[in-house]
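The primary structure of each chain is shown beneath.
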Amino acid sequence: MNTSSPESRPLRSRLKSTGEATAILPTETTSPITVIGTEAIRDTFDEGCLQQAINSRRAPGVTEVVLNPDAHLGYGAPVGCVMVSPTHVYPGPVGVDIKCSMSLLQLDLPADAIEDRKTRRALISAICQRTPTGAGRGQRSAAKSRPVNRTVGKQLVTEGASVAVCDQLGIPSEWAECCEDSFHLGHDETRDALAMRLDRLLEQRHMSNFSDKMTQLGSYGGGNHFGECEVVDVAKDDRAQRAAQTFGLQDGNVAFLSHCGSRGFGHNLASGQFKTLQDKFSQWGIPLPAQDRQLVYAPLGTPEANDYLDDMALGANFATVNHLMINALVLEAFQEVIPGTQGSLVYFISHNIARKEIVNNQPAWVHRKGATRAFPGGHHSLRGTRYAETGHPILLPGNPRDGSAVMVADEGAAQACFSVNHGAGRILGRRHAKRVLDQATIDTELDQHDVLSNCRQYPMDEAPAAYKDFEEVLRSVKMAGLASEVARLKARFVIKDSSKADD
DNA sequence: ATGTGC
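Summarised in this report is the structure supplied together with it. (Residues numbered from 1 in each chain as written. Chains lettered and ligands numbered in written order. Predicted model: local features only at pLDDT ≥ 70, side-chain atom pairs only at ≥ 80, totals over all residues. Heavy atoms only, no water.)

## Quick look at the overall build of chain A
Each helix and strand in chain A was counted, giving 13 helices and 19 strands. On C-alpha atoms alone, chain A measures out to a radius of gyration of 22 Å, which is about the 23 Å that the 2.2 N^0.38 rule sets for 503 residues. Referenced to the eigenvectors of the C-alpha coordinate spread, the extents of chain A come out at roughly 70 × 50 × 50 Å. Here chain A, with 503 residues, has 60% of them falling under the buried criterion. A separation threshold of at least 6 residues defines the contact pool for chain A, and within that pool the share at least 24 residues apart is 75%. A total of about 19,200 Å² of accessible surface is found on chain A, and carbon and sulfur atoms cover 49% of it. For chain A, the distance from the average position of its 53 positive side-chain charges to the average position of its 59 negative side-chain charges is 4 Å. (Helix = DSSP H or I, 4+ residues; strand = E, 2+ residues; numbered from the N terminus. Rg over C-alpha atoms; globule rule 2.2 N^0.38 Å. Buried < 20%, exposed > 50% of the residue type's maximum accessible area, 1.4 Å probe, protein only. Contact = heavy atoms within 4.5 Å. Areas by Shrake-Rupley, 256 points an atom, 1.4 Å probe, with all protein chains shown as cover. Lys, Arg positive; Asp, Glu negative; His and termini not counted. Charge placed at Lys NZ, Arg CZ, Asp CG, Glu CD.)

Encoded structure:
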């Protein structure tokens, strides 16, 4: 056997550098995959991740794939990739957690106000009372003042953050203006389609727990989801200062960053879609790439595509209201501990969703899986919004030790389908992290950085060391010309799912 | 990611 043939060489060696932080990955049968990342970052791409990127690029109807610096192995497609198709929708390259997103709440509190550890402990307690973490956790005591019954549930998954929904749930309705999308319509761009699809879903067995899932509104869930209290440090250059002003970021003040998605409801919808489409594929005898059973798809215009788009929109509406509810509850918690605190939403933006955008002058579904939309100032989609001149905020979580970042897109984002990464990206698998990392080291390190947590033991598979070097990831984004820094966020306390780590 | 899996 000829071991030097291209097919047997490691995929990583096929990456061709095109700049200090850009490369291409040829696929043999299509135009190449665009890769963003310095050489150090490109070395972090494992073979499985690159194979998934190639499979995704070669899949039917796909016209473009971008691999971001935070890319790692996913299901069906890598986490940290963008996939464009004008003709097909792909549930895998959206992900199981439909509309998993970031949001940032700016509080009018100086950093000094939370310097005292007792104050931070009180805040952690007040927030945890209102916004549960962990699988299956529904609303806790303090959130019960905003009950989510079946009727409100049906309304919020079809309307998203409408004024009526916000009013009923005690969410400031003006926050809807600071959302990438505050609501999602059905496949035919009507709300009626969603109502009809929901009625059909509610007759199905896997949706019999709908009312329970609605009570999860205002909860974080587990895994990499978190809430984190930050101090804002705006960059000194004029452009960053102007952007910060437009975004409502306050230098030196406290802010709260949240990461979560559509919880059990989104999971029900996504897993139902995988099952439905996998069954169809085996019925139709269409082969899927080995170990990529989640790279199923539906051609636009088919009933299957319509159902998927409707389900994605229902899940996305839940995730949207979930984030706004969390922010309302976090603000309420701050007001309980520090009376008179005011808060305003900076932005809410997803990194697991397909959006219909204009790509190369034609409409296409841009699937961002662990990737964040990045429209720079002047982009046609931002016309008429407060972000028209600056570009919209990009919220990039790093880790509680090294901080997170608020960025804004540059013209160069066009090379990456107007997308950037969604964070640092895993470098150690969860099992691997638990095996090689040391609990005491992690806890001591956070303590040395004066970052408090609700967890007695920080989950090892979520430790900063389980993720890529955030500075190198940011360097990649900046050097590739995708985006610039507006502010750094320095963590002061973090809320994670402690149910596994503390047992 | 997930009323989680070993």
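Additional details are given in the paragraphs that follow.
## Section: the protein's contact with DNA strand B
Taken together, 17 residues lie around DNA strand B, and Ala-135, Gly-222, Gly-223, Asn-224 and Arg-263 are the ones closest in. Considering DNA strand B, the proportion of its atoms within 4 Å of the protein that are sugar or phosphate atoms stands at 53%. In this structure, a phosphate oxygen belonging to DNA strand B sits 2.6 Å away from a side-chain N or O atom of Arg-263. Of all the elements in the fold, those that place two or more residues in the surface near DNA strand B are helix H7 (210–214) and helix H9 (263–284). (Near = heavy atom within 4 Å. Polar contact = N/O pair within 3.5 Å; in protein donor to acceptor, adjacent residues only side chain to side chain.)

## Side note on the environment of Ser-381
Examined against the element boundaries, Ser-381 turns out to sit in the loop between strand S14 (371–373) and strand S15 (394–399). Residues Ser-381 and Ile-358, spaced 23 residues apart in sequence, show a C-alpha to C-alpha distance of 9.2 Å.

## Thoughts on the layout of surface pockets
Taken as a whole, the second largest pocket encloses approximately 700 Å³ of empty space. Asp-181, Phe-183, His-184, Arg-355 and Lys-356 are, among the 31 residues lining the second largest pocket, the residues nearest its centre. Those elements that provide at least two residues to the lining of the second largest pocket are helix H10 (303–337) and strand S12 (352–359). For the lining of the second largest pocket, the residue count by class is 15 nonpolar, seven polar and nine charged. (1 Å grid on protein atoms, 1.4 Å probe; cavity = no way out; pocket = protein on both sides within 12 Å on 5 of 7 lines; lining within 4 Å. Points joined across faces, edges and corners; volume = space filled by probe spheres on them. Nonpolar A, V, L, I, M, F, W, Y, C, P; charged D, E, K, R; others polar.)

## Brief notes about the side chain of Ser-476
Here Ser-476 shows up in helix H13 (residues 470–479). Only 2.9 Å separates the side chain of Ser-476 from the backbone oxygen of Glu-472, close enough to count as a polar contact. Setting aside anything within four residues of it in sequence, one finds Ser-476 in contact with Ala-21, Ile-36, Gly-37, Thr-38, Ile-41 and Pro-69.

## Some remarks on the packing of helix H4 (residues 150–159) against helix H6 (residues 191–202)
Two elements in contact, H4 and H6, have axes whose closest approach is 9 Å; the angle formed by their N-to-C orientations is 135 degrees. The angle between the axes of H4 and H6 places the two elements in the oblique class. With respect to the hand of their crossing, H4 and H6 are arranged in right-handed fashion. Of H6, the residues touching H4 (which contributes Arg-150, Lys-154, Val-157, Thr-158 and Glu-159) are Arg-191, Leu-194, Ala-195, Leu-198, Asp-199 and Leu-202. Tallied by class, residues from the contact of H4 with H6 come to five nonpolar, one polar and five charged. (Axes fitted to C-alpha atoms, helices over the stretch in contact; angles between N-to-C directions. Parallel < 35°, antiparallel > 145°, perpendicular 65-115°, else oblique. Left-handed = near helix turned anticlockwise from the far one by under 90°.)

## Notes on helix H8 (residues 238–247)
Among the residues making up H8, those that are buried are Ala-240, Ala-243, Ala-244 and Phe-247. Down the axis of H8, the smallest arc covering the buried residues is 105 degrees, so these residues share one side. Away from its buried face, by an angle of more than 90 degrees, H8 presents the exposed residues Asp-238, Arg-242 and Gln-245. On its buried side, H8 packs onto strand S8 (226–234), strand S11 (343–350), strand S16 (403–409) and strand S19 (483–495). Once H8 finishes, Gly-248 follows within two positions and takes phi at roughly 80 degrees, a positive value. (Arc of directions from axis to C-beta.)

## Some remarks on helix H2 (residues 47–58)
Over its twelve residues, H2 extends 16 Å from the first C-alpha to the last, a length consistent with the 16 Å expected when each residue adds 1.5 Å. Along H2, the residues classified as buried are Cys-49, Leu-50, Gln-52, Ala-53, Ile-54, Asn-55, Ser-56 and Arg-57. Looking at where H2 begins, the residue whose side-chain oxygen comes 3.3 Å from the main-chain nitrogen of Gly-48 is Asp-46. (Expected span 1.5 Å × (residues − 1).)

## So, the side chain of Ser-85
In this structure, Ser-85 sits in strand S5 (residues 77–85). From its side chain, Ser-85 meets the backbone nitrogen of Thr-87 in a polar contact 3.1 Å long. A distance of 2.9 Å separates a polar atom in the side chain of Ser-85 from the backbone nitrogen of His-88.

## Regarding the sheet that holds strand S4 (residues 64–75)
In spatial order, the strands read S1-S2-S3-S4-S5-S13-S12; together these seven strands make up an open sheet with mixed pairing. The open sheet has two free edges, formed respectively by strand S1 (16–19) and S12, since each of these has just one partner strand. Going across the sheet, the axis of each strand differs from the next one's by a mean of 35 degrees, ignoring polarity. Of the strand pairs in this sheet, S5 and strand S13 (residues 362–369) are connected by five bridges, and their pairing is antiparallel. Of the residues in S13, the one forming a bridge with Cys-81 is Lys-369. The strands touched by H2 are strand S2 (22–25), strand S3 (33–36), S4 and S5; relative to S4, the strand with the most contacts, the crossing angle is about 135 degrees. (Pairing = 2+ DSSP bridges.)

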